[in-house]
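One letter stands for each residue in the lines below.
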Amino acid sequence: MTLDKHQIDGVPQITSKTLPAIDFEERLIQAGYIKVGSAPAQGNRLKIWWTHSEFNRVEAIYSPDGAIAITAYHVDS
């Protein structure tokens, strides 16, 4: 799982495998995404959902402490 494997609508292509959560979230917020929920994910990680008025929802996976964004991808709304 890596950030550079997926394209998030409205966000310039991320070329790093991971990003500090603050940097990743700043990119999503600047593109108009809003954080809408979270849940535990496989491997003791954290899953956070982001919504947008025009684009499909994004599901992002973070490190267990939420400090590093590991991957993100669109899911059907």
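Each remark here, short or long, concerns the structure printed above.
So, here is what we can say about the structure in this document. (Residues numbered from 1 in each chain as written. Predicted model: local features only at pLDDT ≥ 70, side-chain atom pairs only at ≥ 80, totals over all residues. Heavy atoms only, no water.)

Quick notes on empty space enclosed by the protein
Here is the rule we go by: A cavity, in this analysis, means grid points on a 1 Å lattice covering only the protein atoms where a 1.4 Å probe fits yet has no way out; a pocket is instead an open set bounded by protein on both sides within 12 Å along at least five of seven lines, and a residue lines either one if it has an atom within 4 Å of a point. Grid points are joined across faces, edges and corners, and a volume is the space filled by probe spheres set on the points. Under the scheme applied, nonpolar residues are Ala, Val, Leu, Ile, Met, Phe, Trp, Tyr, Cys and Pro; charged residues are Asp, Glu, Lys and Arg; polar residues are all the others, including Gly.
What the rule picks out here adds up to 1 cavity of 30 Å³ or more. When its volume is computed, the largest cavity comes out at roughly 40 Å³. What lines the largest cavity is simply Leu 3, His 6, Gln 7, Ile 8, Val 11, Pro 12, Gln 13, Ile 14 and Ala 72. A breakdown of the residues in the lining of the largest cavity according to their chemical character gives 6 nonpolar, 3 polar and no charged.

Quick look at helix 1 (residues 21–30)
An α-helix turns once per 3.6 residues; consequently, residues spaced three or four apart project the same way. What counts, and what does not: Type-normalised accessible area, obtained with a 1.4 Å probe on protein chains alone, sets the label of each residue: buried when under 20%, exposed when over 50%, and partly exposed for intermediate values. Strands here are runs of E lasting at least two residues and helices are runs of H or I lasting at least four, both read from the DSSP assignment and numbered beginning at the N terminus. Working note: the arc is built from the helix axis to C-beta atom directions. We call two residues in contact whenever any of their non-hydrogen atoms come within 4.5 Å of each other.
The complete set of buried residues in helix 1 reads Ala 21, Phe 24, Glu 25 and Leu 28. Summarising the axial view, the buried residues of helix 1 lie within an arc of 95 degrees, below the 170-degree limit, and thus occupy one face. Along helix 1, the residues that are exposed and aim more than 90 degrees away from the buried face are Ile 22 and Gln 30. Buried residues along helix 1 sit against strand 1 (19–20), strand 2 (34–41), strand 3 (45–51), strand 4 (58–62) and strand 5 (68–74). Downstream of helix 1 by one or two residues, Gly 32 has phi in the positive range, about 100 degrees.

A short note on the environment of Gly 32
Within the secondary structure, Gly 32 is located in the loop between helix 1 and strand 2. Sequence spacing of Gly 32 and Gly 10 is 22 residues, and the spatial spacing of their C-alpha atoms is 8.2 Å. When sequence neighbours within four positions are dropped, the list of residues in contact with Gly 32 reads Thr 51 and His 52.

What to know about the sheet that holds strand 1
The condition is simple: One bridge is not enough; two strands pair if DSSP finds at least two bridges between them.
Strands sit in the order 1-5-4-3-2 across an open sheet of 5 strands; the sheet is antiparallel. Only two strands of the sheet have a single partner each, and these edge strands are strand 1 and strand 2. Looking at chain direction, strand 3 and strand 4 are connected through 5 bridges and run antiparallel. By the bridge assignment for strand 4, Ile 48 is matched with Ala 60.

Focus on the pattern of salt bridges
Basically, it comes down to this: Just to be clear on terms, a salt bridge is a Lys or Arg side-chain nitrogen sitting within 4 Å of an Asp or Glu carboxyl oxygen.
All told, the structure shown has 1 salt bridge when counted by the stated rule. One salt bridge in this structure joins Lys 35 and Glu 25, with 3.3 Å as the shortest N-O distance. Note that Lys 35 is positioned in strand 2 and Glu 25 in helix 1, a separation of 10 residues in sequence. The class for Lys 35 is partly exposed, based on a relative accessible area of 43%. You can call Glu 25 buried: its relative accessible area is 16%.

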